[in-house]
Amino acid sequence: SPMVWAGESFNSNTIYASPGQETTMLSLPGQGVVTAIYLDISPSYAEALRGARIKAYWDGRSDASIDAPVSHFFGSGFEEYGVKSLMIGMDTSGLYYCYFPMPFWQGATLAIENNSATDLTISFEVRYTLNGIPRTAGHFYAKYNEAKPTTTGEDYVVLDTTGSGHYVGTMMAMKSSSSYTRDFL
């Protein structure tokens with residue numbers, strides 16, 4: 001990862017998720033920071049990657065603070081494609097990474113929900129530290145939205161929220177309803 005964290009530990013494993021199943025990758029007690037996530041999902045065709053959702057629950061909340069298709073969360077909207085940036089990316093060999101720091105104060109759970117029609121095999125490594133972090137740090141959120149089709153003449157709302165924090169960015173993927181047009185523009 002781009003930053004070295006004091007007391008960093010990791011958990012790596014391979015889990016299996018049947019269609020309709022949410023499978024926990026890691027559950028941590030107390031306070032700390034998830035410092036890196038690495039995933040390799042098989043099969044890695046487009047429908048499986050869109051159907052596999054990465055989820056994170058901070059501080060005992062029942063609603064996911066991260067809830068997005070794996071393909072979108074790691075920067076490629078529709079299929080496994082070479083995407084490289086400082087904080088997220090994926091390559092066509094199957095390695096997906098995220099280096100956004102994700103602080104928590106009363107526990108963290110990371111999971112994969114399989115909304116695809118096929119069984120998934122997920123190899124992962126999650127790096128974390130259980131060292132304290134100031135409460136002035138914020139939680140990490142990532143949400144997925146879509147509109148099919150969008151409405152002509154209406155703005156598409158990317159973010160509608162309240163509170164304080166920092167907006168990091170948007171991963172936006174668009175696809176035509178026909179293979180030969182750009183009607184999504």
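Residues numbered from 1 in each chain as written. Predicted model: local features only at pLDDT ≥ 70, side-chain atom pairs only at ≥ 80, totals over all residues. Heavy atoms only, no water.

On to the environment of A68. Summarising the element assignment, A68 is placed in strand β5 (residues 66-69). Non-local contacts of A68, meaning those with residues more than four positions away in its chain, are made with A52, R53, I54, F73 and Y144. (Helix = DSSP H or I, 4+ residues; strand = E, 2+ residues; numbered from the N terminus. Contact = heavy atoms within 4.5 Å.)

The subject of this paragraph is unusual backbone geometry. Geometrically, the link from S42 to P43 is a cis peptide bond, its omega value of 0° lying close to zero. Among the secondary structure elements, P43 is positioned in the loop between β3 (32-42) and α1 (46-51). Backbone geometry at D59 places phi at a positive 55°, although glycine is not the residue there. Note that D59 resides in the loop between β4 (52-58) and β5.

Under the definition given, this model contains 6 salt bridges. A salt bridge links R127 to E125, with the shortest nitrogen-to-oxygen separation between them at 2.8 Å. Look at R127 and you get partly exposed, because its relative accessible area is 23%. Overlapping salt bridges bring together E8, E125 and R127 as one network. (Salt bridge = Lys/Arg side-chain N within 4 Å of Asp/Glu carboxyl O. Buried < 20%, exposed > 50% of the residue type's maximum accessible area, 1.4 Å probe, protein only.)

A few words now on the confidence of the model for the protein. Here the protein shows a mean pLDDT of 87. Residues at 70 or above account for 92%. Per-element confidence in the protein is highest for strand β10 (residues 108-114), whose mean pLDDT is 97, and lowest for strand β6 (residues 83-84), whose mean pLDDT is 84. (pLDDT = per-residue confidence, 0-100.)

Pairing is mixed in the open sheet, where 5 strands are placed in the order β2-β10-β4-β5-β12. Unpaired on one side and paired on the other, β2 (22-28) and β12 (142-143) mark the two borders of the sheet. Inspection of the sheet shows β4 paired to β10 by 7 bridges, in the antiparallel sense. The residue of β10 that forms the bridge with I54 is I112. (Pairing = 2+ DSSP bridges.)

A few words now on the pairing of β3. For β3, a buried count of 9 out of 11 residues is recorded, marking the element as mostly surrounded by other parts of the structure. Here β3 pairs with strand β9 (residues 102-104) via 3 bridges, running antiparallel. Bridging across to β9, G32 finds its partner in F104. Pairing analysis gives 3 bridges linking β3 to strand β8 (residues 96-98), with the strands arranged antiparallel. Counted as the bridge partner of I37 is C98 from β8.

Bringing the side chain of S116 into the picture now. Along the polypeptide, S116 turns up in the loop between β10 and β11 (120-129). Residue S116 is classed as buried on the basis of its relative accessible area, which comes to 10%. Here N114 takes part through its side chain, which lies 2.6 Å from a polar atom of the side chain of S116. At 3.1 Å, the side chain of S116 forms a polar contact with the backbone oxygen of T118. Once residues lying within four places of it in the same chain are set aside, the contact partners of S116 are P19, E47, A48 and G51. (Polar contact = N/O pair within 3.5 Å; in protein donor to acceptor, adjacent residues only side chain to side chain.)

With that settled, the discussion passes to the nonpolar core. Ranked by size, the top nonpolar core spans 38 residues in total, and within it L39, V70, F73, F74 and M102 carry the most contacts. Among all residues touching F74, those that are not within four sequence positions of it are I37, L39, I54, V83, I88, G89, M90, Y96, Y97 and C98. (Core = buried A, V, L, I, M, F, W, Y, C linked by side-chain atoms within 4.5 Å.)

Turning our attention to the environment of N115. When you line up the elements, N115 lands in the loop between β10 and β11. Sequence-wise, N115 and G51 are 64 residues apart; in three dimensions their C-alpha atoms are separated by 4.5 Å. Setting aside residues up to four positions removed in sequence, N115 forms contacts with G51 and R53. A distance of 3.0 Å separates a polar atom in the side chain of N115 from a polar atom in the side chain of E113.

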